[in-house]
Amino acid sequence: MKAFEYAAPTTVDAALKLLGGPNAAALAGGTDLLGRAKDYVTSPDRMVYVKEIKELDGITGDAKSGMTLGAATSLSEIVHHAGIREAYPALWQATSEIGSIQIRNMSTVGGNLLQRPRCWYFRAGFGLLGMKDGESLVRAGDNRYHAIFHTDGNALFVSPSSLAVALIALDASAKVRGPKGERTVKVEELYRVPKHEGESELTVEPGELLTQVTIPAAGKNGAYEARQKQAQDWPLVMSAVNLTMEGETISKARVVIYGVAPIPWRSEAAERVLVGKKFSPEVAAEAGTAAVEAARPLSMNAYKVPMTRAVVKRALIRAVQGKGYWEEA
Amino acid sequence: MTEQRPRDPGGLGGQSRRDFLRGSGVAAATAVLTGQATGVLDEAQAAEESAKVLSGTVEITLKVNGQERSCEVEPRSTLLDTLRNRLDVTGPKRVCDRGSCGACSTIVDGELVYSCTTLAVSCQGKTIETLESFETGEGSVPHAFHQNDGLMCGYCTPGFVTACKAYLDKHPNATEEEIRKGIDGNICRCGTYVGVLAAAKAAAQAKKGA
């Protein structure tokens with residue numbers, strides 16, 4: 001990797017000052033950024049290490065009033081937090097499947113949310129859209145892990161954060177601080193579909209720092225992921241859901257899917273099926289079917305369509321019943 | 001286990017990074033304050049110094065296996081390369097160098113990490129443990145690997161031994177399923193997982209019996 005300057009500030013103010021320089025990057029666990037730097041996909045001139053900043057670390061709050069995660073909180077801290085496991089099973093399940101023990105010890109909430117896509121054309125230096133001579137390398141090439149939604153454009157990678165999918169299902173907000181002050185955004189607003197090469201898929205600007213994520217009290221929530229192997233890997237498709245119940249009837253639903261689009265994919269089609277109905281496995285299956293109606297897979301990833309259908313159904317069953325019929329008692 | 005051979009004995013002496021910064025031109029501005037330091041100033045100074053920008057080559061001190069070790073590195077140097085190439089601590093192995101295979105597994109402040117994807121400069125002031133410091137007698141994790149044939153070519157073994165020890169230290173009553181998940185950040189290309197798992201189970205059993 002290219003040589004860079006390094007600083008380890010202990011306050012957010014000092015970090016923002018250091019991030020104000022040209023081509024500076026915030027470094028937390030490094031599990032994504034250092035890999036990109038080694039492959040010369042990202043070559044910052046300065047890395048600002050944010051894990052020494054105490055105000056960014058830790059989990060506060062409770063299930064009733066909501067919880068706040070500091071951006072430099074490690075994923076292991078989430079996995080070991082009994083309150084989160086109880087109140088936000090969707091978040092707990094998603095986090096406990098991320099990477100390996102080593103990855104979860106190192107990586108942080110902010111770093112996971114702002115990691116860059118794993119698309120192999122992007123990682124091999126062909127840019128985020130993977131274009132060459134006006135042609136999409138993704139469309140013509142190996143797209144088995146790429147998007148099935150939003151495939152009419154050129155952004156065909158998939159958003160890499162399963163943590164984001166769980167947090168969006170839980171309606172979480174993020175605080176972003178920068179030279180112009182602080183702003184609060186919904187976690188889904190951290191992402192966008194880039195329209196042209198050079199535009200980032202992230203809305204956090206250079207010089208800004210994600211400082212915390214706040215999750216409101218949640219309804220019945222859960223997550224399910226389909227994987228190629230059980231050990232350290234990204235899911236192929238994953239879904240997190242959050243249902244607000246009035247008695248036995250679903251009054252509000254949030255269904256978010258990972259691995260299918262260049263942004264964490266909120267399925268309003270699935271949500272429409274759920275709202276106003278009593279929950280049953282049949283209704284969950286119906287929601288799964290609705291979730292994939294608009295899917296337009298690429299040449300090698302049609303397998304993701306039935307997979308997404310099943311993953312959404314299973315996430316819903318887990319959210320309401322705690323354990324699915326496919327799991328041991 | 002192995003005795004450590006400091007490459008640069010003159011560089012040893014427990015000099016902290018703060019002392020180093022004070023003594024160098026980098027900290028000239030803050031050094032003016034030292035004469036009139038009060039508690040508050042000390043704190044402000046610590047924050048100021050922590051925000052110092054390091055570039056080129058910097059001298060760092062790492063606490064490795066109980067010993068303070070100093071060396072010169074660039075900010076981009078990983079903990080793994082620093083341990084192996086500067087400090088002659090060659091237990092952690094460099095294989096994928098991308099935080100995927102686990103051969104470089106090292107324990108930093110009690111937590112298992114991939115040292116290939118950790119910057120050495122960020123480990124100053126932390127406790128670094130590699131498998132050179134592990135007990136090897138009966139009941140230990142290395143002994144269990146030996147007894148249960150937990151290796152073939154052996155290149156992944158230091159990482160697996162470190163991962164097993166870190167996991168069992170925190171989860172002494174782990175079940176087989178939990179151990180499987182607990183060490184799934186490591187890969188063996190020979191495929192000797194059966195032996196590794198037998199070793200991990202034996203080590204867990206020995207720990208319970210101890």
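Definitions and cut-offs
- Residues numbered from 1 in each chain as written.
- Chains lettered and ligands numbered in written order.
- Predicted model: local features only at pLDDT ≥ 70, side-chain atom pairs only at ≥ 80, totals over all residues.
- Helix = DSSP H or I, 4+ residues; strand = E, 2+ residues; numbered from the N terminus.
- Buried ≥ 20, exposed ≤ 12 C-beta atoms within 10 Å, placed from the backbone.
- Contact = placed C-beta atoms within 7 Å.
- Domains from an automatic or database assignment.
- Nonpolar A, V, L, I, M, F, W, Y, C, P; charged D, E, K, R; others polar.
- Core = buried A, V, L, I, M, F, W, Y, C linked by C-beta atoms within 7 Å.
- Pairing = 2+ DSSP bridges.
- Axes fitted to C-alpha atoms, helices over the stretch in contact; angles between N-to-C directions.

### Here's the deal with the overall build of chain B
Item 1. Across its full length, chain B holds eight helices and five strands.
Item 2. From first element to last, N terminus to C terminus, chain B shows the α and β order α-α-α-β-β-α-β-β-β-α-α-α-α.
Item 3. Within chain B, the fraction of its 210 residues that count as buried is 40%.
Item 4. Contacts in chain B between residues at least 24 apart in sequence constitute 60% of all its contacts with a sequence separation of at least 6.

### Structural notes on the domain arrangement of chain B
Residue and element names in this part refer to chain B.
Item 1. According to the domain assignment, chain B consists of domain 1 (9-100 + 112-131) and domain 2 (134-209).
Item 2. In this assembly, six residues from domain 1 lie in contact with eight residues from domain 2.
Item 3. Residues belonging to the side of domain 1 that touches domain 2 are distributed by class as follows: four nonpolar, one polar and one charged.

### Overview of the interface of chain A and chain B
Item 1. With 27 residues of chain A in contact, the opposing surface of chain B contributes 28 residues.
Item 2. Breaking the side of chain A that touches chain B down by element, the ones donating at least two residues are strand E1 (5-7), helix H1 (12-19), helix H2 (33-38) and helix H6 (101-106) of chain A.
Item 3. No other element matches H6(A), which puts five residues into the side of chain A that touches chain B.
Item 4. Taken together, the residues that form the side of chain A that touches chain B break down as 15 nonpolar, nine polar and three charged.

### Some thoughts on the nonpolar core
Item 1. Core analysis: the biggest nonpolar cluster contains 155 residues, and A:Val48, A:Val50, A:Ala90, A:Val165, A:Ala166 and A:Leu167 have the highest contact counts within it.
Item 2. Residue contributions to this core reach at least three from each of two domains, namely domain 1 (9-100 + 112-131) and domain 2 (134-209) of chain B.

### Side note on the sheet that holds strand E2 (residues 24-27) of chain A
In a beta sheet, neighbouring strands pair by backbone hydrogen bonds and run either parallel or antiparallel.
All names here are of chain A.
Item 1. Strand order in the open sheet formed by three strands is E1-E3-E2, and the pairing between neighbours is parallel. In this open sheet, the two edge strands, each paired with only one partner strand, are E1 and E2. Averaged over all neighbouring strand pairs, the angle between strand axes comes to 25°, with direction disregarded.
Item 2. The sheet contact formed by E1 and strand E3 (residues 46-49) spans three bridges and is parallel. Across the sheet, Ala7 pairs through a bridge with Val48, a residue of E3.
Item 3. Across the sheet, H1 is in contact with E1, E2 and E3; its angle to E3 comes to roughly 170°.

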